[in-house]
Amino acid sequence: MHAETVLTPADLIWPLFIAEGDGVEEPIASLPGVSRWSIDGIVARGREARDLGIPCVALFPNTPPGLRSDDGAEALNPDNLMCRAIRALKDKVPEIGVLTDVALDPYTTHGHDGLVDAAGYVVNDRTADALVQQALNQARAGSDIIAPSDMMDGRIGLIRGALEGEGHVNVQIMSYAAKYASAFYGPFRDAVGSRGLLKGDKKTYQMDSANAEEALREVALDLAEGADSVMVKPGLPYLDIIARVKARFEVPVFAYQVSGEYAMIEAAIAAGAAERDAMVLETLMAFKRAGCAGVLTYHAAHAARLLAR
Ligand code: PBG
């Protein structure tokens, strides 16, 4: 009766990895219990999410190696894996929200989120132009929420303008506003196939874990440019950032409990050091307590099942 915080399936967003093919399930070794699914499997997961009361799924493609290039042009192909998955979901499970990641890393041969110059430096403005085209490509396919995860400056305003210009006035933008250059993304990079490709690190565009005030500046900029909601990422190591963002800005704040966090929890369980159900629910409740409107988590379906009991 005195609980200050509630956790429900409606707070959860389920990230899903897409594989080429039909009837394909590819388990991801560094993310035990998580698989890549071909589009038929993605549709099945969409139905599962809907039936569990999860409002939204987040899509990430594992682009076949032959379609990756220096400039990530496959991101702009209207028939790429991502767009086909969006269309299949909106066609077969229209009740489920579809959130799509905007960044070039699943499409580039160097594994970076943007375009690189001769020295390998990720260049901001040319990347932002490509991201605008990628966002339009996803919106045309039916994405409900565009989620730029690339951390380029100025891209939210450019994407909002382009969406309005084409009449996608109801497509939301959830900005990965405070995204840290983190050691917790390794299993995700396995899942989208970019880990072995990545040259260097992402510290020239993702944030320094030493900084909190900078996160507030990043959020302020993205909101001024037209973001509907903002994300802090990773999750648990950055609960202080979530609380500060929520205290400063009266907007929906989301957290991404990222792949390395999921892998840590599963490793603790495998080692007999923890009990899954209690640990999953406690960590997700922590995000709500810190001020989150919702959480992206690979445990979404499991948590929703627990919450339904
Ligand atoms: C890429 C992207 C990453 C994640 C989401 N989008 C990885 C990265 O920036 O290298 C990480 C998610 C996770 O670890 O679960 N733009």
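Above this text is the structure in question.
This one's a predicted model, so the numbers in the text were calculated from it and none came from an experiment.

## Quick look at the site of the ligand
Thought 1: If you check the shell around the ligand, you find 17 residues, and the closest are Lys 179, Lys 202, Lys 233, Ser 259 and Tyr 298.
Thought 2: Within the contact set of the ligand, a nitrogen atom lies 3.2 Å away from a side-chain nitrogen or oxygen of Asp 105.
Thought 3: In the environment of the ligand, a nitrogen atom lies 2.9 Å from a nitrogen or oxygen atom belonging to the side chain of Asp 113.
Thought 4: In isolation the ligand exposes 400 Å². Once the protein is present, 100% of that is buried.
Thought 5: The cavity that encloses the ligand is the largest cavity.
Thought 6: When its residues are assigned to classes, the shell around the ligand shows seven nonpolar, three polar and seven charged.

## Focus: the packing of aromatic side chains
In this description, a pair of aromatic rings is defined by centroid distance and the angle of the planes.
Thought 1: Enumeration over the complete set of coordinates arrives at nine aromatic pairs.
Thought 2: Judged by centre distance (5.0 Å) and plane angle (90°), the rings of Phe 60 and Phe 188 are edge-to-face. You can see Phe 60 sitting in strand 4 (residues 56–61) and its partner Phe 188 sitting in helix 5 (residues 186–192), a full 128 residues away along the chain. As far as burial versus exposure is concerned, Phe 60 and Phe 188 are alike and both buried.
Thought 3: The ring centre of Trp 37 lies 4.2 Å from the NZ or CZ of Arg 45, which sits over that ring.
Thought 4: Across from the ring centre of Tyr 185, 4.7 Å away, lies the NZ or CZ of Lys 233, which sits over that ring.

## Examining the pairing of strand 1 (residues 12–18)
Thought 1: Of all seven residues making up strand 1, seven are buried, and the element is well covered by its neighbours.
Thought 2: Residues Leu 12, Trp 14, Leu 16 and Ile 18 line one face of strand 1 and the alternating positions Ile 13, Pro 15 and Phe 17 line the opposite face, and both faces are buried.
Thought 3: Taken together, the two bridges between strand 1 and strand 10 (residues 294–297) define a ladder with parallel strand orientation. Bridging across to strand 10, Leu 12 finds its partner in Val 295.
Thought 4: With six bridges joining them, strand 1 and strand 4 adopt parallel strand pairing. Bridged to Pro 15 within strand 4 is Ala 58.

Reading the values: rules and limits
- Residues numbered from 1 in each chain as written.
- Predicted model: local features only at pLDDT ≥ 70, side-chain atom pairs only at ≥ 80, totals over all residues.
- Heavy atoms only, no water.
- Near = heavy atom within 4 Å.
- Polar contact = N/O pair within 3.5 Å; in protein donor to acceptor, adjacent residues only side chain to side chain.
- Areas by Shrake-Rupley, 256 points an atom, 1.4 Å probe, with all protein chains shown as cover.
- 1 Å grid on protein atoms, 1.4 Å probe; cavity = no way out; pocket = protein on both sides within 12 Å on 5 of 7 lines; lining within 4 Å.
- Sits in = over half its atoms within 2 Å of the grid points.
- Nonpolar A, V, L, I, M, F, W, Y, C, P; charged D, E, K, R; others polar.
- Phe/Tyr/Trp six-rings, centres within 6.5 Å; stacked < 30°, edge-to-face > 60°.
- Helix = DSSP H or I, 4+ residues; strand = E, 2+ residues; numbered from the N terminus.
- Buried < 20%, exposed > 50% of the residue type's maximum accessible area, 1.4 Å probe, protein only.
- Lys NZ or Arg CZ within 6 Å of the ring centre and 35° of its normal.
- Pairing = 2+ DSSP bridges.

Interpretation note: all reported values are geometric properties and have no functional meaning in isolation.
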